[in-house]
Amino acid sequence: MNGCFHCHQPLVSAKSFYLQIDGVKQPFCCAGCQAVADTIIKNGLADYYRFRTVPATKADALPETLAEELLQLDSADVLQDISQSAADGQQIELSINGMSCAACAWLIEKQLAKLPAIKQVTVNAGSARALLVWQPEQLPLSQLIKHIQQLGYQASPFVADEQEQQFKQELNRYLKRLAVSGIMTMQVMMLAFALYFGEYSGIDASHGGYLRWVSLLLTMPVVFYAALPFVSSAWRSIKARQMNMDVPVSLALYYTFFASAWATVFHTGEVYFESVCMFTFLLQLGKFFEYRARARARESTSNLLKIMPVTASLLQGEQWVSCSARRLKAGDNILVKAGETLPADGRVLTGSSSVDESMLSGEYLPVAKHPGDEVLAGSVNHDGVLTVQVQQSLQHSRLGQIIQLQQQALHQKPKLVEKTDELAKYFVERLLVIAVATFLLWYFWLDSSRAFWVTLSVLVATCPCALSLATPTAITCALSRLNQRGVLIKNSQALEMLPQISHIVVDKTGTLTAGHFSVTQCQLLDSAYTEPEVLNLIANLEQYSEHPIAAAFAPCLTAAIALTEVNIEVGRGISSNWQGKRLKVGSAAFCQHIVVADAMVYLSVDDKTVAAISLADQLRPEVPALISALQQQGFSVGMLTGDSSTQPEQLSAALKLDFYHKSCSPEQKVTQIQHLIAQSHKVLMLGDGINDSPAFNAAHISVAVHSGSDLSKSQADVLLLKPELQLVQQLLDGGQETARIIKQNLAWSVGYNVIIIPLAVAGFVSPYIAVLGMSFSSLLVVSNSLRLLKK
């Protein structure tokens, strides 16, 4: 092996690191990976290296500043906010970074289980989270996290909101009901085949009775447990005098079950236990997919809260003390160090720094902050130390307002769903009236002995199973198809709205553009230097900076040079000595030069400016063709951006956009979208960044691009899983095809009922034929929906 045994990265260090593992001397790229591997081997966990499927994450030593921050987690107030009481101690959920496969989860579980203070540990490789029950008085949380760090992983408390926890519990209940109905359906179907074939080939009465009794017992868990939500929903709708589709569903299920039970006990009539089980399973499956989509949508709020720090440094008297970030209030003074996330909205009292507000503004340029300037919760302090006076707590901060907008959007019901509900209500009410009239007609005027079974045929044959499956099955198939192509739809209602879209609104940075700065022009102001020399000097100096602009010069590094006395001046630039000369890289003021048009970075040597560099965020290559194709299809395409430079005008002219607005705050983006909606337009919003979240909520459909922040992706209706904006076209086409399939399904299900109802009422449809008709209707709808997978 030529690379590190632990992480498989190249061995670039001049110093050699080796360790004997299973009698073989293995190389490591650094002391961190060597220490992690030594810990794994000494704890008897060498199987990790035998069964892992991908290399581990490179292990880095724990910085002293991070170690100090971990100590803040041991505060009683902080522990109370991030953990819950359990029988054996405290329960906490940790987010773990660096996990690459199931072997990582196994390794962490085995290592933590050896600690006496750990009473229970479960690691989920899929969600990259660990659920622990431990005794903090024996093992402080900071030490627990250090144990995980020693294995090469980074852990931090995961604080989910209460609503997410409730959705998880309800989702588990759905899975249990689905499992019960599915397993019992398979068992009862096998018995039903024996009974059906026995009717034709002859079966002993005692054997037939035995099979019926077994079917009855197997169906009872389905009826009295798995189908219980339908009954509860039906009862609530009856009390509210608003009939929903669960009313005939419950009537058909329990009517069929008790009729079959009657036939079993008194040895008369037919049994349809397999129909009861199959019907329940199909409906539960549709309900499960619907609920899971809703649960994923609501994960956005808890994911949004993850960017907030758990602790804050609060000034009490003349000392800085650790406190819970959630308990900050207006008037508190807090200390924010370099690299930390601001825990509340406030105003800078002392210190200067550059702050990354891209998570809130969507724009990647850092913003200089000085005393008197406002700072926002969720932004990251780059390179200075700030003392901030809190003006708004987390709940009332701008970030908190964004979260509230998300919650409001989640509770809004699309008009299409309301129309479907109205159709279902109309159908259900007429169906119940027809069923009652059928029973009375047969019982009093035609043949009382057949009244029960004819009514059963009406309910079963016209049961709204196909109507219930018409939309969910088509949407499920469309979701699968689009997912295979790199489009993930989190909100299934988006598919129903796509055919109505008339306006497409896009963000600029990270959406139309790549979201990464690059050098576009180097203006030489001193002929003694060439462009490659200038860019190499800047690239060497920028290696010492964590500023986002520094990354633009990384490709320009061609040869390393020796620099001494490197000094960073916050918000201005960076300087150093080189071959007896003083280099400066930064703003025009820092380099003491007049502003050059479009230039953002300047280089001076011994106080003489030698170059001015222009930077830009490059346009995605596929954007012009996509915009042109969308406009040819009749869509109006516009841009909303927070960028206040001249680039939006240039970009709009180059792409021939229908409209654009620049310097937009999140609230202004919402206003512009609401203005379009007020004109009866259907709006699709395409963007990234948390600042787009209110606009996402205001638009009819929201789409997050591949390069967007995770928070934006978590709450958008649609995610593009590949860095290809052409997927927007496939999304729109998929919406059109899905709408056509849904219309076909609804037309069949309604047409089937129009034909079958008169026949069932007239007594021409036996319960057995009714079951086949209902099943055939459902299978036809499902089969038609499956065509979406082949397109």
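Residues numbered from 1 in each chain as written. Predicted model: local features only at pLDDT ≥ 70, side-chain atom pairs only at ≥ 80, totals over all residues. Heavy atoms only, no water.

**Structural notes on the overall build of the protein**
Filter applied, for reference: Where helices and strands are cited, they refer to DSSP runs of H or I of at least four residues and of E of at least two residues respectively, numbered from the N terminus. Burial classes: relative accessible area under 20% of the type maximum marks a residue as buried, over 50% as exposed, and values in between as partly exposed (1.4 Å probe, protein chains only). Between two residues, a contact is recorded if the distance between any of their heavy atoms is within 4.5 Å. The Shrake-Rupley method, run with a 1.4 Å probe, gives the accessible areas here. Residue values count only the displayed protein chains as cover.
A tally of regular secondary structure across the protein gives 26 helices and 29 strands. Looking at the protein as a whole, 50% of its 791 residues are labelled buried. A sequence separation of at least 24 residues applies to 65% of the contacts in the protein between residues at least 6 apart. Element-wise, carbon and sulfur atoms account for 57% of the exposed surface of the protein, whose accessible area totals about 36500 Å².

**Observations concerning the pattern of salt bridges**
Cut-off, in case you're wondering: Within this document, salt bridges are pairs made up of a side-chain nitrogen of Lys or Arg and a carboxyl oxygen of Asp or Glu, the two lying within 4 Å of each other.
One pass over the full model with this rule turns up 5 salt bridges. A salt bridge links Lys-608 to Asp-526; the shortest N-O distance between them is 3.3 Å. Of the two residues, Lys-608 sits in strand E24 (residues 608-619) while Asp-526 sits in the loop between strand E19 (513-524) and helix H19 (531-542), which places them 82 residues apart along the sequence. For Lys-608, a relative accessible area of 46% gives the class partly exposed. For Asp-526, a relative accessible area of 12% corresponds to the buried category. Between Lys-584 and Asp-607 there is a salt bridge; the shortest N-O distance is 3.7 Å. A residue pair is termed long-range when its members are at least 10 positions apart, and Lys-584 in strand E22 (residues 581-586) and Asp-607 in the loop between strand E23 (601-605) and E24 qualify at 23 residues.

**Quick word on the nonpolar core**
Nonpolar side chains in soluble globular proteins tend to be buried together. Stated formally: Grouping buried Ala, Val, Leu, Ile, Met, Phe, Trp, Tyr and Cys residues that are joined through side-chain atoms within 4.5 Å yields what is termed a nonpolar core.
Residues Phe-28, Ile-118, Leu-132, Trp-134, Leu-141 and Leu-144 are the most contacted members of the largest nonpolar core, which totals 41 residues. Secondary-structure elements contributing two or more residues to this core are strand E1 (17-21), helix H1 (31-42), helix H4 (76-82), strand E4 (89-97), helix H5 (102-113), strand E5 (118-124), strand E6 (129-134) and helix H6 (141-150). If you look at the next biggest cluster of nonpolar residues, it comprises 40 residues, including Val-487, Leu-655, Leu-731 and Ile-742.

**Comments concerning the confidence of the model for the protein**
So the rule is basically this: A residue's pLDDT is simply how confident the predictor is in it, with values from 0 to 100.
Mean pLDDT for the protein: 76, with 75% of residues reaching 70 or above. The lowest-confidence element of the protein is helix H24 (residues 710-715), averaging 46 in pLDDT; the highest-confidence one is strand E18 (residues 503-506), averaging 92. Scored below 50 in pLDDT, residues 293-303 makes 25 contacts in the model with residues more than four places away or belonging to other chains. For the stretch residues 708-713, pLDDT sits under 50, and the model shows 21 contacts to residues farther than four places along the chain or on other chains.

**Structural notes on helix H20 (residues 623-632)**
So the rule is basically this: By definition, the arc is the one covered by directions from the helix axis to the C-beta atoms.
Listed in full, the buried residues belonging to H20 are Val-623, Leu-626, Ile-627 and Leu-630. Down the axis of H20, the buried set is contained in an arc of 95°. They therefore lie on one face. Within H20, the exposed residues directed more than 90 degrees away from the buried face are Ala-625 and Gln-632. Gly-634 sits one or two residues past H20 and shows a positive phi near 100°.

**A closer look at the packing of aromatic side chains**
Each pair of aromatic rings is reported with the distance of its centres and the angle of its planes. Our working definition: Stacked, tilted and edge-to-face are the three classes applied to pairs of Phe, Tyr and Trp rings, where Trp contributes its six-membered ring and a pair requires centres within 6.5 Å; stacked means planes under 30 degrees apart, edge-to-face means over 60, and tilted covers the rest.
Tallied over the entire structure, the rule returns 10 aromatic pairs. Geometrically, the ring pair formed by Phe-224 and Phe-257 is edge-to-face, given 5.7 Å between the ring centres and 90° between the ring planes. Taken as a pair, Phe-224 in helix H8 (residues 205-226) and Phe-257 in helix H10 (residues 246-266) lie far apart in primary sequence, 33 residues in all. For Phe-224, a relative accessible area of 41% corresponds to the partly exposed category.

**Quick look at the side chain of Asp-717**
Here Asp-717 shows up in the loop between H24 and strand E29 (718-720). When near neighbours in sequence (up to four residues on either side) are disregarded, Asp-717 contacts Leu-488, Ile-489, Lys-490, Asn-491, Ala-494, His-700, Ile-701 and Ser-702.

**Observations concerning the state of the cysteines**
Heads up, the condition is: When two cysteine sulfur atoms lie within 2.5 Å, the pair is treated as a disulfide.
This model, assessed by the stated rule, comprises 0 disulfides. Looking at Cys-522, it has no disulfide partner, and the nearest cysteine sulfur is the one in Cys-556, 8.7 Å off. On the accessibility criterion, Cys-522 (12% relative accessible area) is buried.

**What about the side chain of Asp-526?**
Our working definition: For this analysis, a polar contact is any N or O atom pair within 3.5 Å, provided that within protein one partner can donate a hydrogen and the other can accept it, and provided that sequence-adjacent residues contribute only side-chain to side-chain pairs.
At 3.3 Å, the side chain of Asp-526 forms a polar contact with the side chain of Lys-608. Non-local contacts of Asp-526, meaning those with residues more than four positions away in its chain, are made with Lys-608 and Val-610.

**Some words on the sheet that holds strand E12 (residues 353-356)**
Let me state the cut-off plainly: Between any two strands, at least two bridges found by DSSP are needed for them to pair.
Pairing within the open sheet is antiparallel, and its 3 strands lie in the order E13-E12-E15. The sheet is open, and its two borders are formed by strand E13 (367-369) and strand E15 (380-381), each paired with just one other strand.

**A word on the sheet that holds strand E10 (residues 333-336)**
Read from one edge to the other, the open sheet built from 6 strands follows the order E9-E8-E10-E16-E11-E14, with strand pairing classed as antiparallel. Pairing within the sheet leaves two strands with one partner each, and these edge strands are strand E9 (319-324) and strand E14 (374-375). Across 2 bridges, the pairing between strand E8 (residues 311-316) and E10 is antiparallel. Counterpart to Leu-314 in the pairing with E10 is Ile-334.

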